[in-house]
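One-letter residues, chain by chain:
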Amino acid sequence: MPELPEVETIRMYLEECLPGRVIRSVTVLLPRLLKNTSPAAFIQALSGSTITAVSRRGKYLFIHTAGPQGMLIHLRMTGRLVYEAEPQEQVPSFGRIIFELDEGRLIYGDVRTLGCLWLVPAAGSTGISGYDTLGPDGISPDFTIAYLQRQLKQCHRPIKSFLLDQTQVAGLGNIYVDEALFLAGISPHRRCATLGAVRVKRLHTAIRQVLAAGLEHGGTTVRNFIDGSGREGQNQDYLHVYGREGTPCPHCGTIIVYEKMAGRGTHYCPKCQK
DNA sequence: CAGGCCCTGCTT
DNA sequence: AAGCAGGGCCTG
């Protein structure tokens, strides 16, 4: 379940490898991953073009090219992008789309095949609604305390649901939301509009903190995550509540609770988080 | 607002 | 053999 830190970890690696590389050919092993184009149009548009940059907004990766079209990718649950400088004989496990480059190759792999790839215009809006409506990125300067306070004030949902909403803040997923709420001492059930200024500020700090920690540790590998070079992250060793139900809260010793909220597994300390 | 859907591999 | 993992989108 790649969230902002995992996607950014991948982006940073690809940014080292890909710019300047020419896409020689594309093999689409699983056409249904292409959401707004046929395999033929996809291959036609990208073959021969030179990759210029790799950017990220929220959990989306944007592979920019020198041509009129770029590629937008969402890894969803189990997508992965791996660059092989020296391609092996066989396609790696779960390889779904292969980009042969002038040097090496880029492989989009996906166990559960829930990921999405789109062909998008190089400039202007992409026409992909999930991307065009993203809120400020969780680690960007645009995501300010004032912005957070303003949005929360007019929202009556539980805070967990708000934080998972990519149009409010981009990049948080289930793991980092549970962690941020723990650090901020806020219950996932808490209604947004009832949060006072002190707690909003604490939440803002906590969001920044968990994302920074995730990045610093190369992402969180709970099940499937590997980075652009095929390595696992280390941030799972630093989680406070996610996946720790039934164990004592690191602050007060109360047993961490697990329950379903809006279809998501939710982990929190009923004593520390109010 | 909750719940279903998509998906597969691992756990129970 | 069923349950579970859940991001984003869709429906009721």
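Residues numbered from 1 in each chain as written. Chains lettered and ligands numbered in written order. Predicted model: local features only at pLDDT ≥ 70, side-chain atom pairs only at ≥ 80, totals over all residues. Heavy atoms only, no water.

**Thoughts on the domain arrangement of chain A**
When cut into domains, chain A gives domain 1 (4–132) and domain 2 (145–268). Centre-to-centre separation of domain 1 and domain 2, based on C-alpha positions: 28 Å. On the domain 2 side, the residues contacting the 16 residues of domain 1 number 19 residues. Inspection of the domain 1/domain 2 interface yields five residue pairs in polar contact (both at pLDDT 80 or more). Looking at the side of domain 1 that touches domain 2, the elements with two or more residues in it are α1 (4–17) and β5 (79–84). Its residues assigned to classes, the side of domain 1 that touches domain 2 shows nine nonpolar, three polar and four charged. (Domains from an automatic or database assignment. Contact = heavy atoms within 4.5 Å. Polar contact = N/O pair within 3.5 Å; in protein donor to acceptor, adjacent residues only side chain to side chain. Helix = DSSP H or I, 4+ residues; strand = E, 2+ residues; numbered from the N terminus. Nonpolar A, V, L, I, M, F, W, Y, C, P; charged D, E, K, R; others polar.)

**A few points about the sheet that holds strand β6 (residues 95–101)**
Across the sheet, which stays open at both edges, the four strands sit in the order β1-β6-β7-β5 with antiparallel pairing between neighbours. Each edge of the sheet is formed by a strand with only one pairing partner; in this case those strands are β1 (23–28) and β5. The average undirected angle you get between the axes of adjacent strands in this sheet is 15°. Two strands pair when backbone bridges link them, and β6 and strand β7 (residues 105–110) are joined in this way by five bridges, in the antiparallel orientation. What sits directly across from Glu 100, in β7, is Arg 105. Contacts from α1 reach β5 and β7 within the one sheet, and its direction differs from that of β5 by about 25°. Sheet contacts for helix α2 (residues 39–46): β1 and β6; angle to β1, the most-contacted strand, approximately 165°. (Pairing = 2+ DSSP bridges. Axes fitted to C-alpha atoms, helices over the stretch in contact; angles between N-to-C directions.)

**Looking at the sheet that holds strand β3 (residues 60–65)**
In space, the four strands of this open sheet follow the order β2-β3-β4-β8, with antiparallel pairing throughout. Two strands lie at the open edges of the sheet, namely β2 (51–57) and β8 (116–121), each paired on one side alone. Strand-to-strand, the axes of this sheet are offset by a mean angle of 20°, without reference to chain direction. For β3 and strand β4 (residues 69–74), the ladder comprises four bridges, and the chain directions are antiparallel. Counted as the bridge partner of Leu 61 is Ile 73 from β4. Contacts from α1 reach β2 and β3, with the element oriented near 165° to β2. Across the sheet, α2 touches β3, β4 and β8, and the angle it forms with β8 is around 55°.

**A closer look at the protein's contact with DNA strand B**
Taken together, Arg 32, Phe 94, Val 111, Arg 112, Thr 113, Leu 114, His 156, Arg 157, Pro 158 and Arg 191 are the residues near DNA strand B. A breakdown of the atoms of DNA strand B within 4 Å of the protein gives sugar and phosphate a share of 72%. Separating a sugar or linking oxygen of DNA strand B from a side-chain N or O atom of Arg 32 is a distance of 3.3 Å. Taking Arg 112, its side chain carries an N or O atom lying 3.0 Å from a base oxygen of DNA strand B. Of the residues belonging to the surface near DNA strand B, the class tally is four nonpolar, two polar and four charged. (Near = heavy atom within 4 Å.)

**Examining the packing of aromatic side chains**
Tallying each qualifying case throughout the model produces five aromatic pairs. Note on Tyr 60 and Tyr 131: the rings are 5.4 Å apart at their centroids and 75° apart in plane angle, and the pair reads as edge-to-face. Residue Tyr 60 is found in strand β3, and its partner Tyr 131 is found in helix α3 (residues 129–132); the two are separated by 71 residues along the sequence. Taken as a pair, Tyr 60 and Tyr 131 share a single burial class, namely buried. (Phe/Tyr/Trp six-rings, centres within 6.5 Å; stacked < 30°, edge-to-face > 60°. Buried < 20%, exposed > 50% of the residue type's maximum accessible area, 1.4 Å probe, protein only.)

**Some remarks on the pairing of β5**
Within β5, six of the six residues are buried, which leaves the element mostly enclosed by the surrounding structure. Of the two faces of β5, the one carrying Gly 79, Leu 81 and Tyr 83 and the one carrying Arg 80, Val 82 and Glu 84 are both buried. Summarising the sheet, β5 and β7 pair through six bridges and their orientation is antiparallel. Counted as the bridge partner of Gly 79 is Asp 110 from β7.

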